[in-house]
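# Overview (structure and organization)
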Amino acid sequence: MGFRLQGDSKYFLVLQNNVLKRDSLHLLSCAEYLHEYLNVDSNLKWVDEEYCLEMDTTNLHLNTVFVFERFSGAAFEHLVANSKALIIGTPCLWYSLARNASIPLCCSRAVFSLAMKDIQVYLHEFPATERMEAEKLIGWMGGCCLEKQDKNCVYLSIYSMNFDVFEMYKNMGSSGLTIFGSNWVYDVWMKNHTHQSVLAIDTFFNLHRMPVFFGLVISSTNLSDSQEQDLRKLIETNGGTYSSTFDGNTHILIMEKMIKKIRNSLSGNHSICLKIDWIFECINKQHVVSFEKFRF
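In what follows, the accompanying structure is described. Residue indices follow the written sequence of each chain, beginning from 1 at its first position. For this predicted model, a pLDDT threshold of at least 70 governs which residues receive local features, and a threshold of 80 or more governs which side-chain atom pairs are given and counted, while totals over whole chains, interfaces and linings are taken from all residues. Each side-chain value is worked out from all heavy atoms of the structure, with water and hydrogens disregarded.

### A short note on the overall build of the protein chain
Helix and strand definitions follow DSSP, with helices as H or I runs of at least four residues and strands as E runs of at least two, each counted in order from the N terminus. Helix and strand content of the protein chain: ten helices and 15 strands. In terms of overall dimensions, the protein chain is more spread out than a globule: its C-alpha atoms have a radius of gyration of 24 Å, far above the 19 Å expected for 296 residues. Overall, the protein chain is about 75 × 35 × 30 Å in size when its C-alpha atoms are taken along their principal axes. Summary of the burial criterion: residues with accessible area below 20% of their type's maximum are buried, those above 50% are exposed, and those between are partly exposed, where the area comes from a 1.4 Å probe applied to protein chains only. When each of the 296 residues of the protein chain is scored for burial, the buried share is 50%. We take the radius of gyration over the C-alpha atoms and set the globule estimate at 2.2 Å times the residue count to the 0.38 power.

Laid out in C-alpha cells, this is it:
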C-alpha cells in the first residue's frame, strides 16, 4: 500500500522541544516544499507538542499529515498510538515530493524517510529485543521485514556469523542475495538524520556488506593450473574459502563443462555444480547471484 502526498490534505508541522519556528530550519524547508510542489498554504499549520497531545485523534486519517524532525517525544508517541493519521519525517517529505514517490505504508503509518523504500529484509537470528527495534526502524524508513526467508528476500541482515550461509543461498530467489551485518539498519537510520536523500543500498553502507563469497567453500575441477590459481585468488579476495579438494565440506563446485564422472559423484551430495561465469557475475554484481542460469 502506497500513499502520495496531496494538496488537499491537512499538514501539521510539529515544533518539538520548545524550538521556535524561525530556528526549525528543516520544517521551514518542508513548508517551502509543500508550497512549491502542492501549493499548500491554507491547509498548513504550525503546532507545538502540547497542541498534538490535546487534539481529538478519533477522526484523524491519512489525509491528516503530521511532519516531525525527530521521531521521539510524547506528542509523536501519542499520535502513533492513538490516531490513524499519517506521520512523516522531514526526509520523507523532501524525498516524496522531489521525486514524486509514493510513501509505502505496508508496515507502518509512521515513515521518517524512504531510505528503505521497496526493500524487504529478513533479520536472521536477531534476539527478540534487537529484532523489535530493527523491525520498527525498517518500517520507519519505508521498508518491510519478512517473517522468514523466501524467494522475495533480496536483503539479509545477520546478527551472528555462526550459521550455515549456504542454506540461505539455496533458498534465494532470482534476484540473488545481499548480506549485511547487524549494524546496517541502525547506521542507515542514524545517517537519515544528517543526509536528506540517503538510501540503504548506497555505497555509503558497503562497510556493512558481507564479502561476496562470505561463508562459502568453493572447489573446482577440470581447470588448468593457471585458471585454478586465478579462481582461488578471486574467491579468497572476495571473502570465500577455496578448497583444492572436492568433499563433503564443499558448497559449490566450479567447472567449465560437465563430465559423466563428476555428475555421478554429485549424486546424493549437497554441493551445487556451476559454470565459472557464476563467479564473475557475482563479483560484478557484488553479491551472490541466482544459481539457476549457471547450472549444468
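### Section: the state of the cysteines
Any pair of cysteine sulfurs within 2.5 Å is marked as a disulfide. The final tally for this structure, using the stated rule, is one disulfide. Put simply, Cys107 and Cys144 are joined by a disulfide, and their sulfur atoms are 2.2 Å apart. With Cys107 in the loop between β6 (103-104) and β7 (110-111) and Cys144 in strand β9 (residues 144-146), this pair connects stretches of sequence that are 37 residues apart. Residue class for Cys107 comes out partly exposed when judged on its relative accessible area of 40%. Considering cysteine sulfurs only, Cys92 is the nearest to Cys30, which forms no disulfide, with 9.5 Å between them.

### Some remarks on the packing of aromatic side chains
Note on ring pairs: Phe, Tyr and Trp rings are taken, using the six-membered ring of Trp, and paired if centres are within 6.5 Å. Classes follow the plane angle, with under 30 degrees stacked, over 60 edge-to-face and the rest tilted. Enumeration according to the criterion identifies 17 aromatic pairs in this entry. Centroid distance Phe12 to Tyr51: 6.1 Å. Interplanar angle 35 degrees. Geometry classified as tilted. Here Phe12 is found in strand β2 (residues 10-15), whereas its partner Tyr51 is found in helix α2 (residues 49-54), with 39 residues between them in sequence. Its relative accessible area of 31% is what places Tyr51 among the partly exposed residues.

### A word on the sheet that holds strand β8 (residues 120-124)
The strand order across the open sheet formed by four strands is β9-β8-β10-β11, and the pairing between neighbours is parallel. The outermost strands of the open sheet, each flanked by one partner alone, are β9 and β11 (178-181). Averaged over all neighbouring strand pairs, the angle between strand axes comes to 35 degrees, with direction disregarded. What makes two strands pair is DSSP finding at least two bridges between them. In this structure, β8 lies alongside β9, joined through three bridges in parallel fashion. Considered in β9, the bridge of Gln120 is made with Cys144. Residues are treated as being in contact if the distance between any of their heavy atoms lies within 4.5 Å. For helices, the axis comes from a line fit to the C-alpha atoms of the stretch in contact; other axes are also lines fit to C-alpha atoms, and the angle between any two N-to-C directions lies between 0 and 180 degrees. Where helix α5 (residues 128-140) meets the sheet, its contacts fall on β8 and β9, and the angle it forms with β8 comes to roughly 170 degrees.

### What to know about helix α3 (residues 74-82)
Within α3 the residues assigned to the buried category are Ala75, Phe76, His78 and Leu79. The buried residues of α3 all sit within an arc of 165 degrees when viewed along its axis, so they share a single face. Exposed residues on α3 whose side chains face more than 90 degrees from its buried face are Glu77 and Ala81. As for α3, its buried residues are in contact with α2, β4 (64-68), β5 (86-89), β7 and α5. Each direction from the helix axis to a C-beta atom contributes to the arc, which is the arc of those directions.

### Focus: the pairing of β2
Here β2 lies mainly inside the structure; five of its six residues are buried. Here four bridges tie β2 to β4, and the two strands are oriented parallel to one another. Note that in β4 the partner of Leu13 across the bridge is Val67. Across five bridges, the pairing between β2 and strand β3 (residues 44-48) is parallel. Residue Leu15 lies in a different strand from β3, and its bridge partner there is Asp48. By convention, orient the strands away from the viewer: a clockwise path from the first strand over the helix to the second makes the crossover right-handed. In this region the chain leaves β2, passes through helix α1 (residues 25-38) and returns to the parallel neighbour β3; the handedness of that crossover is right-handed.

### So, the pattern of salt bridges
The working definition used for a salt bridge is a side-chain nitrogen of Lys or Arg within 4 Å of a carboxyl oxygen of Asp or Glu. Taken as a whole, this structure holds six salt bridges when the rule is applied. As a salt-bridge pair, Lys191 and Asp187 come within 2.7 Å of each other at their nearest N and O atoms. Residue Lys191 and its partner Asp187 are located together in helix α7 (residues 184-191), separated by four residues, close to a single helical turn. A relative accessible area of 21% means that Lys191 is categorised as partly exposed. When the shortest N-O distance is used, the salt bridge between Glu236 and Arg232 registers 3.5 Å. Placement of both Glu236 and Arg232 in helix α8 (residues 225-237) is noted, with a separation of four residues, approximately one turn of the helix. The class for Glu236 is partly exposed, based on a relative accessible area of 43%. With a relative accessible area of 25%, Arg232 lands in the partly exposed category.

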